[in-house]
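Descriptive structure summary
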Amino acid sequence: MRAQVLSPTPDHLALAAHALQRGEIGGMPTETVYGLAGSCRSEQALSRIFSAKQRPTTDPLIVHVNLLQRTLGELSDLKLIELTQISNTQRADLERLIDRFWPGPLTFVLPKHSEVHPLITGGLETVAIRMPRHPIARQLITAAGVPLAAPSANRFGRISPTTAEAVLEELGMEIDWILQGGPSDIGLESTVLAWTEAGELEVLRPGGISQEEIQSCLGRPIPSLFQKKPPSLGPQNQALPSPGMLESHYAPAKPFYVLPAALLSMKESERQELRTLLSQTPREETLGLLLFQGDTALLTSVFEKITGHPVLARNLSIRGDTEEAARLLYAEMRFLDTSSASLLFTEPPAHLDGLGSAIADRLKRATAKAARNSKLW
Ligand code: TXA
Ligand code: MG
């Protein structure tokens, strides 16, 4: 293991900032998930980000800024966006959203400035920008004196890290340092918003700010990508509209399935489908169960009775709170993925409002590979 987890002292922040100025990369805490940060002006840093993550260069990165006034003028002065390409109506929406949600888990896809490096945009004419809320992220950006490109600090397609220790597990061999910022508050990536050619606002990736919150800020409905079917990975060297849109993403290494119904309401035919799926799995093998609510002991014994296997369960929120579940989701997926369980299961999402739609989106992608081979969810 090469990487060191650094406590966020002024000395360590200065050390990390200098490393970033030299074109090195490292782990940065944010309120959503940990990022793998590098200077947005350094080609060396940008290529290191892609090779450390084993991420295709067609996947664009998010640029992280720390603005003093939170104005579009500052983004233009930083040579990130092209103001002349932004219409007055788009500008009015943007100013409202920035005022309400920045710093925070909201990313905007905007017309790019000509000096934005093509590795950041994956060859697109737009650039994704967000101002994070985490104090250490903001201090690091300011100390580095340059906006930081930062995808989630996981290997491509895998579970995003919400602790410094998870970054160490994912990328400990590829980087030298990770700033310790404690567990991420929100636990899911930022919401990505874009404008269509026709000037309509749409959610490209549901995340830390819900569609309802955005609609209430703007006073009108906006369409969400979540209602459309995600496309699968396109041919190489063709830019993807948004990599968060990949059918399989955020995924554990073990097969991960969504049950056809909540455990307490599974019909006999659904129980039978599950037993068929497990017919090749030896009885002594443990099944992992990720719960979003309810009585852990009761649900564990129900699942043990249905399947005849020992069950290792983790409950994200006994009282069924979506924010609590979002905060713990990736950490518990990671726990089950490295546990003794050989197959992982979860109940279908019960709540689709607020952060619930982002949770459902991640579950769909985390279970996409297994779903191709089964008749469950
Ligand atoms: O919460 C977050 O956003 C975290 C933390 C570290 O800030 N970052 C993150 O980055 O999730 P990443 O690289 O894992 O996801 C980037 C997302 C993808 O869904 C990508 O498609 C979208 O941003 N994106 C970036 N540039 C884009 C562009 N020009 N057009 C459309 N989507 C873009
Ligand atoms: Mg990611």
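Quick look at the structure, then.

What follows is about the nonpolar core. Membership of the largest hydrophobic core comes to 67 residues, with the highest contact counts inside it found for Leu75, Leu97 and Phe108. One finds Val33, Leu316, Ile359 and Leu363 within the second-largest nonpolar core, a separate group that totals 21 residues.

With five of five residues buried, strand E9 (residues 191–195) lies mostly within the body of the structure. Pairing of strand E5 (residues 106–111) with E9, which is carried by three bridges, proceeds in the parallel orientation. The partner of Leu106 across the bridge, within E9, is Thr191. Relative to strand E10 (residues 201–205), E9 is paired through four bridges, and the arrangement is antiparallel. Among the inter-strand pairings, Leu193 is bridged to a residue of E10, identified as Val203.

Two elements in contact, helix H11 (residues 322–337) and helix H12 (residues 356–366), have axes whose closest approach is 9 Å; the angle formed by their N-to-C orientations is 20 degrees. Put simply, H11 runs roughly parallel to H12. As H11 runs across H12, the sense of the crossing is left-handed. Note on element contacts: H12 touches H11 through Gly356, Ile359, Arg362, Leu363 and Ala366, opposite Thr322, Ala325, Ala326, Leu329, Tyr330 and Met333. Its residues assigned to classes, the contact of H11 with H12 shows eight nonpolar, two polar and one charged.

Glancing now at the packing of aromatic side chains. Applying the stated rule across the entire model yields five aromatic pairs. An aromatic cluster of three or more residues is present, and its members are Trp102, Phe108 and Trp195. Between the NZ or CZ atom of Arg314 and the centre of the ring of Phe335, over which it lies, the distance is 3.8 Å. Over the aromatic face of Tyr250 sits the side chain of Arg362, whose NZ or CZ is 5.0 Å from the ring centroid.

Parameters at a glance
Counting starts from 1 at the beginning of each chain's written sequence and moves along it residue by residue. Each chain takes a letter, starting from A, and each ligand takes a number, starting from 1, following the order in which they are written. In keeping with the predicted nature of the model, local features appear solely for residues at pLDDT of at least 70, side-chain atom pairs appear and are counted solely at 80 or more, and the whole-chain, interface and lining totals rest on all residues. Excluded from the side-chain calculations are hydrogens and water; all other atoms, namely the structure's heavy atoms, are used. Throughout this description, the term nonpolar core refers to a set of buried Ala, Val, Leu, Ile, Met, Phe, Trp, Tyr and Cys residues connected via side-chain atoms within 4.5 Å. Partly exposed residues are those whose accessible area sits between 20% and 50% of the maximum for their type, while under 20% is buried and over 50% is exposed, using a 1.4 Å probe and protein chains only. The numbering of helices and of strands both runs from the N terminus, where a helix is a DSSP run of H or I of at least 4 residues and a strand a run of E of at least 2. Strand pairing is assigned whenever DSSP identifies at least 2 bridges connecting the two strands. Geometry is summarised by axes, namely lines fitted to C-alpha atoms with helices restricted to the contacting stretch, and by angles between N-to-C directions that run from 0 to 180 degrees. Put simply, angles under 35 degrees are roughly parallel, angles over 145 are roughly antiparallel, angles from 65 to 115 are roughly perpendicular, and the rest are oblique. In a left-handed crossing the near helix is turned counterclockwise from the far helix by less than a right angle, and in a right-handed crossing that turn is clockwise. In what follows, a contact means two residues having at least one pair of non-hydrogen atoms within 4.5 Å. The nonpolar class holds Ala, Val, Leu, Ile, Met, Phe, Trp, Tyr, Cys and Pro. Asp, Glu, Lys and Arg form the charged class, and all remaining residues, Gly among them, are polar. Put simply, two rings from Phe, Tyr or Trp (the six-membered ring, in Trp's case) pair if the centres are within 6.5 Å, and we call them stacked under 30 degrees between planes, edge-to-face over 60, tilted for the rest. Either the NZ atom of lysine or the CZ atom of arginine qualifies as a charge over a ring when it sits within 6 Å of the ring centre and within 35 degrees of the ring normal.

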